[in-house]
Amino acid sequence: MIVTIDGVAASGKSSVASGVARALGVPYVSSGLLYRAATLLGLEAGLRLENAAELLAHLRAQPLRLEALAEGNRVWVEERDLTADLHSSRVDRGVSVVAALPEVRAWVDGQLRALPEPFVAEGRDMGTAVFPQAAAKFYLTASPRVRAERRARERPEDVPAIEAALVERDRLDTVQSAPAPDARVIDTGNLTLEGVIGAVLAGLPARQG
Ligand SMILES: Nc1ncnc2c1ncn2[C@@H]1O[C@H](COP(=O)(O)OP(=O)(O)OP(=O)(O)O)[C@@H](O)[C@H]1O
Ligand SMILES: Nc1ccn([C@@H]2O[C@H](COP(=O)(O)O)[C@@H](O)[C@H]2O)c(=O)n1
């Protein structure tokens, strides 16, 4: 079984996917981490992020490994754990450029579709382009201000600066971020994290056996 959780930036996708996955006893998969890892490696190598051919050649020369644990995903290149470096403002600013490249999207989608079921997948287009056959689909939203206030508790930046960056990232990600027509949309603004996880679990189809 595949459950998809899509949504706008910092809407709680990874926290909710992790909670749902733990409740179900399955892994969760963060597709955004693969886009972030591609961006980080491109930046570190001094590549032009909009050049798909250069970037893909670089990625293929040092294969990434996504470790899809229920308590938190990690991304590795051989013995190096990239995870702690993937949520910097520098990566946030570049990632939408990388994610707009069809070749990079195909590279990410190929890795995701090779994963063994069951799992919870979170991102932007999990329920539309990547796993349209998913058993249950959810789409998380919240106002930019609410999302920025939550993120400000994790980062040493002020709320207006974070909010402006989130709005800009949403704009750049618009193409791949439409909710699936069969997704249940949840506005998380007035819900606790546990409340959102509960709403997703309550919306799952009854399990067999
Ligand atoms: N319903 C909620 N109530 C309060 N805080 C929340 C809620 N959902 C998520 N959070 C908090 O908001 C922050 C952003 O959540 P999270 O990182 O899961 O979002 P995301 O959509 O995966 O972000 P990104 O798109 O940047 O990867 C985290 O600090 C998380 O704990
Ligand atoms: N399915 C996806 C997932 C992510 N992206 C791009 O990656 C960026 C980072 O994702 P987060 O989930 O960590 O916010 C995001 O801003 C998108 O540019 C994507 O295109 N498709």
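Structure: see above.
The shown structure was predicted, so the numbers you read here are calculated from the model rather than taken from an experiment.

Criteria and cut-off values
Residues numbered from 1 in each chain as written. Chains lettered and ligands numbered in written order. Predicted model: local features only at pLDDT ≥ 70, side-chain atom pairs only at ≥ 80, totals over all residues. Heavy atoms only, no water. Core = buried A, V, L, I, M, F, W, Y, C linked by side-chain atoms within 4.5 Å. Buried < 20%, exposed > 50% of the residue type's maximum accessible area, 1.4 Å probe, protein only. Helix = DSSP H or I, 4+ residues; strand = E, 2+ residues; numbered from the N terminus. Pairing = 2+ DSSP bridges. Axes fitted to C-alpha atoms, helices over the stretch in contact; angles between N-to-C directions. Contact = heavy atoms within 4.5 Å.

> Can you tell me about the nonpolar core, naming the residues and giving the values?
Core analysis: the biggest nonpolar cluster contains 35 residues, and Leu64, Val75, Leu82, Val104, Trp107, Leu112 and Phe131 have the highest contact counts within it. For this core, the secondary structure elements donating two or more residues are helix H2 (31–44), helix H3 (52–61), strand S3 (64–69), strand S4 (72–77), helix H4 (89–99), helix H5 (102–113), strand S6 (119–123) and helix H6 (126–130). Per-element accounting of this core gives the leading share, seven residues, to H2. Leu140, Ile186, Ile197 and Val200 belong to the second-largest nonpolar core, a separate cluster that totals 19 residues.

> Give a detailed account of the sheet that holds S6, specifying residues and quantitative values.
Reading across from one edge, S2-S6-S1-S7-S8 is the order of the five strands in this open sheet, with parallel pairing throughout. On the outer flanks of this sheet lie strand S2 (28–30) and strand S8 (184–187), each paired with one strand and no other. Neighbouring strand axes in the sheet, compared pairwise and without regard to direction, differ in orientation by 20 degrees on average. Together, strand S1 (2–7), S2, S6 and strand S7 (136–141) form the strand contacts of helix H1 (residues 13–24), whose direction differs from that of S6 by roughly 175 degrees. This element, H2, spans S2 and S6 of the sheet and lies at about 35 degrees to S2.

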